[in-house]
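Chain by chain, the residues run as shown.
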Amino acid sequence: MKLSMPLVYAGNPRESADQVAALEKAGLDTIWVAEPYGFDAPTLMGYLAAKTETVEIGAGILNVYSRTPGALLQTAAGLDNVSGGRAVIGLGASGPQVIEGFHGMPYEKPLGRTREVIEIIRMGLRREALVSDGIFKLPLPEGQGLGLGKPLKLLNKPERPVIPLWVAALGDGNVKMTAEVADGWLPFLFHPEKAHQVWGEALAKGTAKRSPDLAPLEISAGGMVAIGEDVKGMLDFMRPMYALYVGGMGARGKNFYNELACQYGYEEEAKKIQDLYLDGHKRDAEALVPTEWLEAGNLVGPASYVKERIEAFKAAGVTNLSLSPASDDPAGTIAQVKEWVS
């Protein structure tokens, strides 16, 4: 079981990025760099490549709207080169608020776009000429543009002909597609004991269509980790994030995370959290986040309990345990968990 960690920064990402070398020495296998609507991920990933030697540097995630497939190919190949073959590219549709509000792109055909982006990136890494006649037209057909486009292949030889492509997915169709064509899956707000009831069928259907040329699907999930005899209260620090996604990340009737909470069996809480959050009562919304969900989705408690949660994530199929250490010594926490999973 690998260990990963999201790069968390409040303002200046360099301050957090400079700590990754110590985490790498402690046994961290992968660092995930997010890109909602803050700084871009590839710049930080390139910075991390220069600061580290062995840790995998993952985009978590690049959306499939704001960059063309060709640009995503260039990004993947470039990052893999400067990192010496340590790039992991997480892809996803993000959400309509970000795509339409920040990038000015219509939030259309997210599954089809993601599938085609994966196909085109893999095509380019094999240094084949980019040709597509789906949602993406490569080259542009007659009657569009100047009519001078021709199929082109990546100019530089990639560091590797295959770079791991992961997908952030929650809905059945997206999870099914991910299990069929991606190298890894990035679920969010993961509940190990309830994951199978929510995604088991979609994963099975996608896996049944998976190419034998692909390795088994990797899964990265996890949460806060705090090890100690009297640390359960730290779970309250996760309430604002859960409430934000379930209550405020989207609109009524269009919130993927609210739907997930309902699938977990928290329908009543999900509706109240959303109503309170959208009406401006954030603290009240946070108080309604089910403690059971917080306990299951994080690793907070005595060492024996944290070990039990590690086994629960492993039993749910997680191959890359994502941790957010809540301690004064994050590297020490990573080293301790690394010893347990090795």
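Since this is a predicted model, take the numbers as computed values, not measurements.

With that settled, the discussion passes to the nonpolar core. Counting residues in each nonpolar core, the largest one holds 95 residues, and the members touching the most others are Ile31, Leu91, Trp185 and Trp199. When residues no more than four places from it in sequence are discounted, the contact partners of Leu91 are Ile61, Leu62, Val64, Leu72, Val117, Ile118, Ile121, Trp166, Val167 and Ala168. Formed by five residues, the second largest nonpolar core is a distinct cluster that contains Trp32, Ile61, Val88 and Trp166.

For the rest of this paragraph, the subject is the pairing of strand S3 (residues 56-63). Within S3, six of the eight residues are buried, leaving the element largely enclosed by the surrounding structure. As defined by bridge partners, strand S2 (residues 30-33) adjoins S3 across four bridges and the pair is classed as parallel. For Trp32, the partnering residue across the bridge sits in S3 and is Gly58. The parallel pair S2 and S3 is bridged by helix H3 (residues 41-51), and the resulting crossover is right-handed. Relative to strand S4 (residues 87-92), S3 runs parallel, the two sharing five bridges. Residue pairing across strands places Gly58 opposite Val88, the latter belonging to S4.

Our next topic: the environment of Phe136. Residue placement: Phe136 occurs in the loop between strand S5 (132-133) and strand S6 (137-138). For the pair Phe136 and Thr68, spaced 68 residues apart in sequence, the C-alpha separation works out to 8.7 Å. With near-sequence residues (within four places) excluded, Phe136 lies in contact with Val64, Pro69, Arg113, Glu116, Val117 and Ile120.

This part covers empty space enclosed by the protein. Where empty space is left in the structure can be found by rolling a water-sized probe over the atoms. Taken as a whole and assessed by the stated rule, the structure comprises one cavity of 30 Å³ or more. Volume-wise, the largest cavity comes out at about 30 Å³. What lines the largest cavity is simply Met45, Ala49, Ile57, Leu79, Ser83, Arg86 and Ala87. Here the residues of the lining of the largest cavity sort into five nonpolar, one polar and one charged.

Right, let's get into the packing of helix H7 (residues 172-181) against helix H8 (residues 192-208). Put simply, H7 and H8 touch, their axes get as near as 7 Å, and they point 40° apart. In this view, H7 runs oblique relative to H8, as classed from their interaxial angle. As for how H7 packs across H8, the hand of that crossing is right-handed. Between H7 and H8, the contacting residues are Asp172, Val175, Lys176, Ala179 and Glu180 on the first element and Val198, Trp199, Ala202, Leu203, Lys205, Gly206 and Thr207 on the second. Class assignment of the residues belonging to the contact of H7 with H8 gives a composition of six nonpolar, two polar and four charged.

A separate point is the environment of Lys194. Following the sequence through the fold, Lys194 ends up in helix H8. In this structure the C-alpha to C-alpha distance between Lys194 and Gln263, which are 69 residues apart in sequence, comes to 8.9 Å. Not counting chain neighbours up to four residues away, the residues in contact with Lys194 comprise Tyr264, Tyr266 and Glu292.

Counted under the stated rule, the structure contains 18 salt bridges. Notably, a salt bridge pairs Arg122 with Asp183, separated by 3.1 Å at the nearest N-O pair. One end of the pair, Arg122, is in helix H6 (residues 110-125); the other, Asp183, is in the loop between H7 and strand S8 (184-186), and 61 residues separate them in sequence. Summarising the burial analysis for this pair, Arg122 and Asp183 share the class buried. Among the ionic pairs, Arg309 bridges to Glu193, the shortest N-O distance being 2.9 Å. Of the two residues, Arg309 is situated in helix H14 (residues 303-315) and Glu193 in helix H8; the sequence distance between them amounts to 116 residues. Of the residues examined, Glu193 reaches a relative accessible area of 47% and is grouped as partly exposed.

Conventions and cut-offs
Residues numbered from 1 in each chain as written. Predicted model: local features only at pLDDT ≥ 70, side-chain atom pairs only at ≥ 80, totals over all residues. Heavy atoms only, no water. Core = buried A, V, L, I, M, F, W, Y, C linked by side-chain atoms within 4.5 Å. Buried < 20%, exposed > 50% of the residue type's maximum accessible area, 1.4 Å probe, protein only. Contact = heavy atoms within 4.5 Å. Helix = DSSP H or I, 4+ residues; strand = E, 2+ residues; numbered from the N terminus. Pairing = 2+ DSSP bridges. Right-handed = clockwise from strand over helix to strand, strands pointing away. 1 Å grid on protein atoms, 1.4 Å probe; cavity = no way out; pocket = protein on both sides within 12 Å on 5 of 7 lines; lining within 4 Å. Points joined across faces, edges and corners; volume = space filled by probe spheres on them. Nonpolar A, V, L, I, M, F, W, Y, C, P; charged D, E, K, R; others polar. Axes fitted to C-alpha atoms, helices over the stretch in contact; angles between N-to-C directions. Parallel < 35°, antiparallel > 145°, perpendicular 65-115°, else oblique. Left-handed = near helix turned anticlockwise from the far one by under 90°. Salt bridge = Lys/Arg side-chain N within 4 Å of Asp/Glu carboxyl O.

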